[in-house]
Amino acid sequence: MKKKWWHDKVAYQIYPKSFCDSNGDGIGDLQGIISKLDYLKDLGVDIVWLSPIYPSPLADEGYDIADYYGIDPRFGTMEDMEELIAEAKKRDMYILMDLVVNHCSDEHEWFLKACEDPDGKYGKYFYIVDAGQEDKLPTNWRSYFGGPAWDKLPGHEDKYYLHVFHKKQPDLNWENEEVREEVYKMVNWWLDKGLGGFRIDAIINIKKPEVFHDYPADRADGLCSIQCMLQEAKGIGRFLRELQERTFRLHDSFSVGEVFDADEDEITDFVGDDGYFSSMFDFGTALLGGDPAGWYRRKPVQAKEYIKAVYQSQKRLGDIGFYSNIIENHDEPRGVSHYLPEGECCVEGKKMLALLSFMVKGLPFIYEGQEIGMENKTFASIEEVDDCSTMHEYQVALEAGLTPKQAIEAVGKYCRDNARTPMQWDDSENAGFTTGRPWLAVNPNYKQINVKAQQADEDSVLAFYKKLAALRKSAEYKETIVYGDLILVPQEDENVMVFYRKSADKTLLVAANYQSVAADIKLTGQMNKEVLNNVRELHIDDGILYMQGYQAVVLEVE
Ligand code: TEU
Ligand code: CA
C-alpha cells in the first residue's frame, strides 16, 4: 500500500444544522462551526466532513440540493464558507463537503427545466419514462423512503420520473455525458476553492440496469427493494474511474465513498492505491441486526457479532487500502445505545467502543457528540420525529399490526434523529447549542452529558477520545497504529476481542472485554508497557490478564 497524506489523520463529521448556532435562530451554522475549530483541533481532529450545506428545500435535510454552487442562507454565506476553509487551513485542518450527485432536488433548475420540456436537454438529465397503459408505473421498485420509486412528472400526467430516495430527490442520469460533465465541473470548482475533498453520498445508486423491469414483490405493497435493481446494474466502475481521474486525482484530494456493498473482487478498484476513492466507510457493524421487513423487526446487536464484523472487515481490506471507521453517523442511532446492550450503556463501554474504532486499521471518523458519548433519545410519539425515513418505517410498523406506542418504541431506536439532536456543549438551557429555540429538541440528558463537564474531568469519554487521537499521532506509536498489521488472537470467549498491531519494531496488544462480566485473557509473551486503559486498574498475574466488564486496554508487548 502506498502511503498517503491522509492516512495518519483523525476525521470528524459535523451535522451543521445541529452543531453550533451562532445567531440564535435555532439552526447551527458556519460561524458556529468556525467558533468550534479550536475545540476540534484540541480533540485531535484534522479532517472535518460537513453534511450538506447547499441551498435545499430540506425534504431530506439537505441531501436534496437545489444549487450545487451555493450555501444555504440558513447556514451562512459563501464568504463564511471561504472563511471556514481558510481558518481550517491555518490550523492544518481540511474541510470536506458532501457530494450528493445520485440525485438533486426537484427544485433544482435542471429538474424545473426538465418539467417544462421533458424532451429537451434537461429531460435527459433524469430518468423520465412514459406511463404505461392505465397509468401503470414503469417498474415496481420501492424507494428507500417508502412508496414507489416513480412519481408523475409535474405538469405531465403521462410521464413518470425516477427517485430511489424521496420524491423530492429525482435521480440524475449518469449515462448522460452532459450530466457527468456538470458534476466534474462542480467538484473541481469546489476543490479549487481549497476544499480538502468530499464524502460521496449514496454513490452505488448511480448505476442503473440496462433494462428497467419488475422484480418479485417482497412485501404486501407489491413493490420490491431497490437492492434488486442495484444487483443487476453492472459497470459502475466506468463512472467512478472517470470521476476520480477528472477530479479527485488532479487535486490529490481526499474522498470517502458511502459504499454499502462493494463486491470482494472490486475492492482494489474502489480503494486500492489508485482507487476510485481514497477510502470508503466500513458499514459492517451498521448492518448488523437488520431485517428486510423493516426497522420494527431489527434485532439488538450482540457483542460477538460486532467483534466478528469488525474482524471480517479488517480481513477483507487487509493491505489493499484504508476503511473509514465509524460507530455512528447522521443516518444511524447513537453507537453507544446501538451497540451496548440495553441497560449497559456505561462510560467504560463507551470508551471500549472508541478504543476498538481507533485501534483497528483505517481512518477513524468521530461523529459530532460521539466524543462525549451522546446517547439515543426517547421519542414519545411520531410527532417528535423530523426524519423522513422514520416516518416511513413507522407506517410499515403500523401496517404490520403494531400499535402506535409499540411502533414508535420499535422504530425510535433506529430513528436518524437520534444522531441529529443538537450537540451538547454545556448544561445551560438548550445545552449551549443555541440561545433561541432549537430546530430539533435537545436530548434531556444534556445536564449530565456535555462538553464542558467532560473537559473538567480527566476520566471523561472526551478525555479518552483525546488520548486515542494523541496516541495515533505520537512519534512512538504512529507507525504501528497507522500501518501495522492486524493479527487476531482467537478467544474462546466470543465476547472478548484480542488482536496485535505489529510493525517492524513494535507490537501492540489490544484487548477488549465486550460484556459486563469479568474475563481472563491468556497473554503470550512479556508486557513492556501499559499504553492505554479505560479503567484505573491493570491486573496481570502469571501471564493472565484479568479484565473487568467493558475493560479495554492497549499494551506494548515483546
Ligand atoms: O444515505 C444513503 C443510504 O442508503 C442510507 O442513508 C440509508 O438507506 C438510509 O439512511 C436509511 O434510513 C445517504 C445519506 O447519508 C442520507 O442521509 C440521505 O438521506 C441519502 O443518502 C439520500 O441522499
Ligand atoms: Ca443559526
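Bear in mind the structure is a predicted one, so any value in this text is a computation, not a measurement.

## Considerations on helix α4 (residues 109-116)
Side chains three or four residues apart in an α-helix point the same way, a direct result of the helix having 3.6 residues per turn. Those residues of α4 lying buried are Trp110, Phe111, Ala114 and Cys115. Buried residues in α4, looked at end-on, bunch into an arc of 135 degrees, giving them a common side. Structurally, α4 contributes buried residues whose contacts are with β4 (128-130), β5 (150-153), β6 (156-162) and α5 (177-192).

## A short note on the nonpolar core
Of all hydrophobic cores here, the largest spans 137 residues; its most connected members are Met81, Phe198 and Phe270. Domain assignment of the residues forming this core places at least three in each of domain 1 (11-106 + 173-462) and domain 2 (485-557). Phe270 has contacts with Ile204, Ile236, Leu240, Val259, Ala262, Gly275, Tyr276, Phe277 and Met280, leaving out every residue within four places of it along the chain. Ala149, Val164, Ala202 and Cys224 belong to the second largest nonpolar core, which has 16 residues in total.

## A few points about the domain arrangement of the protein
We note that the domain assignment places domain 1 (11-106 + 173-462) and domain 2 (485-557) within the protein. Put simply, the middle of domain 1 and the middle of domain 2, counted by C-alpha atoms, are 31 Å apart. Each side of the interface is counted separately: domain 1 has 24 residues, and domain 2 has 23 residues. Both sides together, the interface formed by domain 1 and domain 2 hides about 2100 Å², and carbon and sulfur atoms give 71% of it. Where domain 1 meets domain 2, there are two salt bridges. For Arg536, the salt bridge identified is with Asp459, shortest N-O distance 2.4 Å. At the boundary of domain 1 with domain 2, the tally comes to six residue pairs in polar contact (both at pLDDT 80 or more). For the side of domain 1 that touches domain 2, the elements supplying multiple residues, two or more each, are α9 (303-317) and α11 (347-359). The greatest single-element share of the side of domain 1 that touches domain 2, amounting to eight residues, is contributed by α11.

## Considerations on the coordination of the calcium ion (ligand 2)
Around a metal, the perfect tetrahedron of four donors has angles of 109.5 degrees, and the perfect octahedron of six donors has angles of 90 or 180 degrees. At 2.3 Å from the calcium ion (ligand 2) lie its protein donor atoms, namely Asp21 (OD), Asn23 (OD1), Asp25 (OD), Ile27 (O) and Asp29 (OD). In terms of primary sequence, the donors binding the calcium ion (ligand 2) are separated according to D-x1-N-x1-D-x1-I-x1-D. We classify Asp25 as partly exposed; its relative accessible area is 38%.

## Quick look at the pattern of salt bridges
Scanning the entire structure with this criterion turns up 46 salt bridges. Of the charged contacts in the structure, one is a salt bridge between Arg199 and Glu258, with a shortest N-O distance of 3.4 Å. You can see Arg199 sitting in strand β7 (residues 197-200) and its partner Glu258 sitting in the loop between β8 (254-257) and α8 (267-271), a full 59 residues away along the chain. Classification of Glu258 as buried rests on a relative accessible area of 6%. Its salt-bridge partner being Arg334, residue Glu328 comes within 2.6 Å of it at the nearest N-O pair. Its relative accessible area of 2% is what places Glu328 among the buried residues.

What counts, and where the lines are drawn
- Residues numbered from 1 in each chain as written.
- Chains lettered and ligands numbered in written order.
- Predicted model: local features only at pLDDT ≥ 70, side-chain atom pairs only at ≥ 80, totals over all residues.
- Heavy atoms only, no water.
- Buried < 20%, exposed > 50% of the residue type's maximum accessible area, 1.4 Å probe, protein only.
- Helix = DSSP H or I, 4+ residues; strand = E, 2+ residues; numbered from the N terminus.
- Arc of directions from axis to C-beta.
- Contact = heavy atoms within 4.5 Å.
- Core = buried A, V, L, I, M, F, W, Y, C linked by side-chain atoms within 4.5 Å.
- Domains from an automatic or database assignment.
- Buried area = accessible area lost by both parts, 1.4 Å probe.
- Salt bridge = Lys/Arg side-chain N within 4 Å of Asp/Glu carboxyl O.
- Polar contact = N/O pair within 3.5 Å; in protein donor to acceptor, adjacent residues only side chain to side chain.
- Donors = N, O, S within 2.8 Å, 3.2 Å for Na, K, Ca; no water.

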